[in-house]
Amino acid sequence: MPNTPAYAAPSKTAPLGPHTIDRREPGPHDVLIDIAFCGVCHSDIHQVRDEWGGSIYPMVPGHEIVGTVAGTGNRVTRWKAGDVVGVGCFVDSCRDCAACKSGEEQYCENGMTPTYNGRERDGKTPTFGGYSTRITVNEDYVVRIPGGIPLDGAAPLLCAGITTYSPLRHFGVKPGDKVAIVGLGGLGHMGVKIAKAMEAHVTVLSHSPGKRGDAIALGADDFISTADAAVFAQHKSRFDFILDTVSAVHDYNAYLRMLRLDGTMVLVGIPDPTPVSAGPLVSRRRRLAGSSIGGIRETQEMLDFCAEHRIQADVEVISIDKINEAYERMLRSDVRYRFVIDVSTLHAAAAR
Ligand code: NAP
Ligand code: ZN
Ligand code: ZN
């Protein structure tokens, strides 16, 4: 399918603009999806601007995809035309390594196939993401969007939702645990809602004092402005678990000291490089860990959990021509709390 309308970054310094891509015709095990909405993740900015190195251009970002099945290959039995589905951060993996076999494809030992800015299993064909009108994906890497979640509010669950759900589950956060979420952006606001639904006592640590009211409205029990450096000493050894979603370089050591004895801090934000000192870890047997998105099975579990708890993202829906502005606003921490592209506006942009 040539001439699929998309929006692409031509290089790490140029703004995104209209572009067309070639989507493969569905093979026997493929699903063709008409994309309705695509969330805008800070990882899109990191990769468009080549902040992690190795970016492939032109780049069509977008890994928070929701839409409707338009057609299926002749061996597909699980999906049919009209199904409402999602695609997250990867579209394939080796299926053979220990990680894949245990349903943690995001940690595929042979490298998962990212939804964009990567290569298909052939090692050659570039992958293109959800800033486009349709996508062809292998049936095993598609999830079902439960009824009851509006599609624009569902899109961010495919990355921001699973990236916060997975470590909260994996590290065993329990009712009553004192949890801190650092950074109230796309990931952070999902972290607040999900941790609250897990019945934790949730505190937001934010460098934007003006977000206090929003944090409480989103369900947080407490809010601490880290704009005042004195708070780090005031709240020393307070939390059982800290989830750090911050996209910019900041001092992890100060946050580590807010963990109690044996507490765990998990990094999901990826602002490398950031130094860590041994002192705060050693002095209270604290743990520092990282976590990457979640596997397909866990992503489905998270979607069902969100449907059951009536959780969706707080979104600002934008037309595709506002994408460059949205990136600038995210860099100023001015997002309430996820930009989501109305993909129907891509058809109009392509026609111009
Ligand atoms: P976002 O919506 O832009 O939110 C990031 C938040 O970080 C901001 O809203 C802000 O919250 C805080 N922040 C920004 N600059 C800061 C600074 N200088 N000091 C302290 N706090 C600052 O970004 P996002 O989409 O949630 O993504 C966050 C990070 O997670 C990115 O690095 C992204 O690449 C990464 N990510 C990782 C995974 C994974 O699998 N591990 C998945 C998705 C995304 P406040 O205003 O409240 O301080
Ligand atoms: Zn993401
Ligand atoms: Zn694998």
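Residues numbered from 1 in each chain as written. Chains lettered and ligands numbered in written order. Predicted model: local features only at pLDDT ≥ 70, side-chain atom pairs only at ≥ 80, totals over all residues. Heavy atoms only, no water.

Trainee: Would you mind showing me how to read the packing of helix α4 (residues 160–170) against helix α10 (residues 296–308) here?
Mentor: How two helices sit against one another is set out by the angle between their axes and by the gap between those axes. Their axes nearest at 10 Å, the elements α4 and α10 cross at an angle of 100 degrees. Put simply, α4 runs roughly perpendicular to α10. Across from G161, I162, Y165, S166 and R169 in α4, the residues of α10 making contact are E298, T299, E301, M302 and F305. Grouping the constituent residues of the contact of α4 with α10 by class yields 4 nonpolar, 3 polar and 3 charged. (Axes fitted to C-alpha atoms, helices over the stretch in contact; angles between N-to-C directions. Helix = DSSP H or I, 4+ residues; strand = E, 2+ residues; numbered from the N terminus. Parallel < 35°, antiparallel > 145°, perpendicular 65-115°, else oblique. Contact = heavy atoms within 4.5 Å. Nonpolar A, V, L, I, M, F, W, Y, C, P; charged D, E, K, R; others polar.)

Trainee: So what exactly am I meant to see when it comes to the sheet that holds strand β14 (residues 259–267) here?
Mentor: Remark on secondary structure: sheet strands pair via backbone hydrogen bonds, oriented parallel or antiparallel. Taken together, the 6 strands give an open sheet; going across it, the order is β12-β11-β10-β13-β14-β15, and neighbouring strands pair in parallel fashion. At either end of the open sheet lies a strand with only one pairing partner, and these are β12 (222–225) and β15 (287–290). For this sheet, the mean inter-axis angle between neighbouring strands, taken without regard to orientation, is 20 degrees. Inspection of the sheet shows β14 paired to β15 by 4 bridges, in the parallel sense. Of the residues in β15, the one forming a bridge with L267 is G290. Strands β10 (178–182), β13 (239–244) and β14 of the sheet are contacted by α4, whose axis makes an angle of about 155 degrees with β13. (Pairing = 2+ DSSP bridges.)

Trainee: Looking at this structure, I do not really get the site of ligand 1. What am I missing?
Mentor: As a matter of local geometry, ligand 1 sits amid 30 residues, with H42, S206, H207, S208 and R338 nearest to it. Between ligand 1 and S208, the relevant distance is 2.5 Å, taken from an oxygen atom to a side-chain nitrogen or oxygen of the residue. Taking S291, its main chain carries an N or O atom lying 2.9 Å from a nitrogen atom of ligand 1. Residue contributions to the shell around ligand 1 peak at 3 residues, all from helix α1 (residues 42–48). Among the residues making up the shell around ligand 1, the classes are represented as 12 nonpolar, 16 polar and 2 charged. Split by domain, the residues of the shell around ligand 1 number at least three in each of domain 1 (4–156 + 314–351) and domain 2 (160–290). (Near = heavy atom within 4 Å. Polar contact = N/O pair within 3.5 Å; in protein donor to acceptor, adjacent residues only side chain to side chain. Domains from an automatic or database assignment.)

Trainee: Sorry if this is basic, but what is going on with the side chain of K193 here?
Mentor: Its place among the elements puts K193 in helix α5 (residues 186–197). Relative accessible area serves as the criterion here: at 15%, K193 is assigned to the buried category. The contact partners of K193, leaving out residues within four places of it in the chain, are L218, I311, Q312, A313 and D314. (Buried < 20%, exposed > 50% of the residue type's maximum accessible area, 1.4 Å probe, protein only.)

Trainee: Just to check I follow, could you spell out the packing of α4 against α5 for this structure?
Mentor: Here α4 crosses α5 at 50 degrees, and the two axes come no closer than 8 Å. Comparing their axes, α5 and α4 come out oblique. The two elements α4 and α5 cross, and the hand of that crossing is right-handed. Within the contact between the two elements, α4 uses A160, G161, T163, T164, Y165 and L168 and α5 uses G186, L187, M190, G191, I194 and A195. A breakdown of the residues in the contact of α4 with α5 according to their chemical character gives 7 nonpolar, 5 polar and no charged. (Left-handed = near helix turned anticlockwise from the far one by under 90°.)

Trainee: I would appreciate a short explanation of the coordination of the zinc ion (ligand 3) in the present structure.
Mentor: In a perfect tetrahedron of four donors around a metal, the angles come out at 109.5 degrees. In a perfect octahedron of six, they are 90 or 180 degrees. Within the protein, the zinc ion (ligand 3) binds to C94 (SG), C97 (SG), C100 (SG) and C108 (SG); these donor distances fall in the range 2.3 to 2.4 Å. Of note is the zinc ion (ligand 3), whose 4 donor atoms meet at the metal with angles of 103 to 119 degrees in an arrangement that counts as tetrahedral. All donors to the zinc ion (ligand 3) come from one chain, and their sequence spacing reads C-x2-C-x2-C-x7-C. Of the two residues, C97 and C100, both sit in the buried class. (Donors = N, O, S within 2.8 Å, 3.2 Å for Na, K, Ca; no water. Tetrahedral: all angles 85-135°; square planar, octahedral: opposite > 155°, others 65-115°.)

Trainee: In this structure, what is going on with the domain arrangement of the protein? I would like to understand it.
Mentor: Many analyses report the size of an interface as the accessible area lost when the parts associate. Parsing the protein into structural domains produces domain 1 (4–156 + 314–351) and domain 2 (160–290). In this structure, domain 1 and domain 2 have C-alpha centres spaced 28 Å apart. Across the contact, 11 residues belong to domain 1 and 15 residues belong to domain 2. When domain 1 packs against domain 2, close to 1,200 Å² is buried across both sides, 50% of that on carbon and sulfur atoms. Considering only the surface of domain 1 that becomes buried against domain 2, D314, S333 and Y337 emerge as the three largest contributors, covering 45% of it. (Buried area = accessible area lost by both parts, 1.4 Å probe.)

Trainee: Can you walk me through the pairing of strand β5 (residues 84–87) in this structure?
Mentor: Working note: regular strand, side chains alternate between the two faces of the sheet. Here strand β4 (residues 65–72) pairs with β5 via 4 bridges, running antiparallel. By the bridge assignment for β5, I65 is matched with V87. Of the pairings in the sheet, the one linking β5 to strand β9 (residues 143–144) comprises 2 bridges and is antiparallel in character. Among the inter-strand pairings, V85 is bridged to a residue of β9, identified as R144.

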